[in-house]
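Examination of the molecular architecture
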Amino acid sequence: MTEMLFASQQGRNIPKEDKIFGINNRAKAMIAKEGKDKVVNATLGALLDDKGDLIVLSSVTEVFRNLAPAEFAEYAPIAGTPAFREAVKKDCFRNYEPKGFVEVVAAPGGTGAIKNAVANYADRDSKILFADWFWAPYRSIAEEMGKGFETFTFFNEERKFNIASFEEKVKALLQVQDRLLVILNTPAHNPTGYALTEEDWKGVKEVFGRTPSDKKITLLVDTAYIDFAGDEDEYRSYLPVLEEMPGHVLTLIAHSLSKAYTLYGMRCGATICIAKDKAVADEFKQVCEFSSRSTWSNCAKAPQVILTKIYDDPQLRDRVFEERKQHRDMLISRAKAFEAAAAECGLVTVPFDTGFFVSVPCEQPDAVCAKLEEEGIFLIPLAKGIRVSIASVAENICRMLPARIKAAMDSL
Ligand SMILES: Cc1ncc(COP(=O)(O)O)c(C=O)c1O
């Protein structure tokens, strides 16, 4: 933990630089020195083409370029424009029609959506729960707001979702706190690429059903990568289960336009609530608007208008979906190449379905990554292994990487 000189620490673990961006900077420095062909930069969670350039959907760029000044210069309402909030529902649910009361509050990206959920559905000094393979900002968002966290073991020995560990942690936390926020990132989980199966979801529902009904559980599903997982309807088949949760469970979704619309830098997303009760949905909007107002105030209007225009024009929407599908297919081919090469050289990965990342369990992740960096291969060391961003390297690199990782692991 870095000690502060003048700033107030408040128990937060504040590193000198963000780990992922730090490694990415080292990769960039090496590229500048040695040339692009000497470096593999599989660090960032952004989809790059085979030459290492950011993929930006041209259909989305076209809408952006044609925005009228008032469509980006004006303040948007705190919760987002009414048209955006309707478009978010369509984008999130597609063919599924929720039976509950749905409310939407705009946020700057999925990060903002998660922040508003943590701000309002976890008590100060309580712990939120997520898997032991997790996206690091879950932890810093919790710490930032004076909340702790606990992890459950994501996978069991059979390489399946560890429902026993999930139940143990849910129950233990509910013995000492009355309110619990649980975050599940699925499908195309970061950092493993796992997607909860129908059976996993059934298990989650049953676990919640075995908790005391006077407790308050909020389930936040982080769907940041959903539209890069595979067929968009198929990967939404879990939605009905969310509405079958027991009465003391409220479901929220953290929706993001960053990956799906390649609008990473525009900072747009939303927290979505599906409540059984209108009063709970109304309260969700009230508390999230309050939190937004006291942090970022209103969100950028331009991406809200972009999404609205896409959903207002079926032809445009089809173009965006088709363009995205092409890139998704490319990502899936990279994943298949990595998986096949890993099987060939005997490199064990964490259970994977699809997504931007594959993870490799490893006891010395820092040492292995340092060794690979010497060879010009930049990956992310995590607490329990190594994260490889297949989203940012070409298929031939995905084919070559497993053997190099295995060799580095074996050499230590
Ligand atoms: C697991 C996960 N959740 C949420 C996000 C939110 O991203 P953004 O705030 O850019 O929409 C990301 C982005 O990397 C992520 O990896």
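Residues numbered from 1 in each chain as written. Predicted model: local features only at pLDDT ≥ 70, side-chain atom pairs only at ≥ 80, totals over all residues. Heavy atoms only, no water.

To continue, consider the site of the ligand. In the vicinity of the ligand lie 15 residues, with Thr111, Asp222, Tyr225, Ser256 and Ser258 positioned nearest. One of the side-chain N or O atoms of serine 258 is found 2.6 Å from an oxygen atom in the ligand. Burial of the ligand by the surrounding chains reaches 92%, relative to a free accessible area of 390 Å². More than half of the atoms belonging to the ligand lie within 2 Å of the grid points that define the largest pocket. Looking at which element gives the most residues to the shell around the ligand, the answer is helix H5 (residues 109-121), with four residues. Here the residues of the shell around the ligand sort into five nonpolar, seven polar and three charged. (Near = heavy atom within 4 Å. Polar contact = N/O pair within 3.5 Å; in protein donor to acceptor, adjacent residues only side chain to side chain. Areas by Shrake-Rupley, 256 points an atom, 1.4 Å probe, with all protein chains shown as cover. 1 Å grid on protein atoms, 1.4 Å probe; cavity = no way out; pocket = protein on both sides within 12 Å on 5 of 7 lines; lining within 4 Å. Sits in = over half its atoms within 2 Å of the grid points. Helix = DSSP H or I, 4+ residues; strand = E, 2+ residues; numbered from the N terminus. Nonpolar A, V, L, I, M, F, W, Y, C, P; charged D, E, K, R; others polar.)

A few words now on helix H7 (residues 163-176). Taking 1.5 Å of rise per residue, the 14 residues of H7 would be expected to cover 20 Å, and the 21 Å separating its terminal C-alpha atoms lies within 8% of that figure. Of all the residues in H7, the buried ones are Ser165, Phe166, Glu167, Val170, Leu173 and Leu174. Elements that come into contact with the buried residues of H7 comprise strand S3 (127-131), strand S4 (148-152), strand S5 (179-185), helix H8 (198-209) and strand S6 (216-222). (Expected span 1.5 Å × (residues − 1). Buried < 20%, exposed > 50% of the residue type's maximum accessible area, 1.4 Å probe, protein only. Contact = heavy atoms within 4.5 Å.)

Attention now moves to the pattern of salt bridges. What the rule picks out here adds up to 35 salt bridges. The shortest N-O distance in the salt bridge between arginine 404 and glutamate 375 comes to 3.2 Å. Of the two residues, arginine 404 is situated in helix H14 (residues 395-411) and glutamate 375 in the loop between helix H13 (365-374) and strand S10 (377-378); the sequence distance between them amounts to 29 residues. Looking at arginine 404, the relative accessible area reads 32%, which means it is partly exposed. Under the relative-accessibility criterion, glutamate 375 is labelled partly exposed at 32%. (Salt bridge = Lys/Arg side-chain N within 4 Å of Asp/Glu carboxyl O.)

Across all of its chains, the model carries 20 aromatic pairs by this definition. On the numbers, 5.9 Å between centres and 80 degrees between planes, the contact of tyrosine 225 with phenylalanine 357 is edge-to-face. Here the residue tyrosine 225 occupies a position in the loop between S6 and helix H9 (239-242), and phenylalanine 357 occupies one in strand S9 (residues 357-361), the gap between them amounting to 132 residues. In terms of burial, tyrosine 225 and phenylalanine 357 fall into one category: buried. Taken together, the ring pairs connect Phe152, Phe154, Phe155, Phe161, Phe166, Tyr194 and Phe208 into an aromatic cluster. The ring of tyrosine 261 has arginine 324 lying over it, and the distance from NZ or CZ to the ring centre is 4.8 Å. (Phe/Tyr/Trp six-rings, centres within 6.5 Å; stacked < 30°, edge-to-face > 60°. Lys NZ or Arg CZ within 6 Å of the ring centre and 35° of its normal.)

Another point: the state of the cysteines. Per the counting criterion, the structure on display carries zero disulfides. Here cysteine 273 stays free of any disulfide, with the sulfur of cysteine 288 as its closest cysteine sulfur at 8.1 Å. Using a relative accessible area of 0% as the deciding quantity, one classes cysteine 273 as buried. Between cysteine 362, a free cysteine, and cysteine 369, which holds the nearest cysteine sulfur, the sulfur-to-sulfur gap is 7.2 Å. (Disulfide = S-S within 2.5 Å.)

So, on to the layout of surface pockets. Taken as a whole, the largest pocket spans an internal volume of roughly 1,500 Å³. Those elements that place two or more of their residues in the lining of the largest pocket are helix H1 (19-34), H5, helix H6 (137-144) and strand S11 (380-381). Its residues assigned to classes, the lining of the largest pocket comprises 24 nonpolar, ten polar and 13 charged. Looking at which domains feed residues into the lining of the largest pocket, each of domain 1 (19-57 + 317-411) and domain 2 (69-313) gives three or more. Val39, Val40, Asn41, Gly52 and Ser392 are the residues nearest the centre of the second largest pocket, which is lined by 25 residues in total. By residue class, the composition of the lining of the second largest pocket is ten nonpolar, six polar and nine charged. (Points joined across faces, edges and corners; volume = space filled by probe spheres on them. Domains from an automatic or database assignment.)

What follows deals with unusual backbone geometry. Proline 187 follows threonine 186 through a cis peptide bond whose omega is -10 degrees. With respect to the helices and strands, proline 187 occurs in the loop between S5 and H8. Residue proline 191 is bonded to the preceding asparagine 190 through a cis peptide linkage, with omega at 20 degrees. Mapped onto the secondary structure, proline 191 falls in the loop between S5 and H8. We note that arginine 94 has phi near 50 degrees; this positive angle belongs to a residue other than glycine. Checked against the element boundaries, arginine 94 lands in the loop between helix H4 (82-93) and strand S2 (101-107).

On to the domain arrangement of the protein. Each assigned domain of the protein is listed with its residue range as follows: domain 1 (19-57 + 317-411) and domain 2 (69-313). Measuring from the centre of the C-alpha atoms in domain 1 to the corresponding centre in domain 2 gives 26 Å. Counting from both sides, the interface comprises 33 residues of domain 1 and, opposite them, 27 residues of domain 2. Summed over both partners, the interface of domain 1 with domain 2 comes to about 2,600 Å²; 59% of that surface belongs to carbon and sulfur atoms. Our count for the domain 1 to domain 2 interface comes out at four salt bridges. The shortest N-O distance in the salt bridge between glutamate 232 and arginine 324 comes to 3.0 Å. Applying the counting criterion to the domain 1 and domain 2 interface returns 17 residue pairs in polar contact (both at pLDDT 80 or more). Contributions of two or more residues to the side of domain 1 that touches domain 2 are made by helix H12 (314-345), S9 and strand S12 (385-389). (Buried area = accessible area lost by both parts, 1.4 Å probe.)

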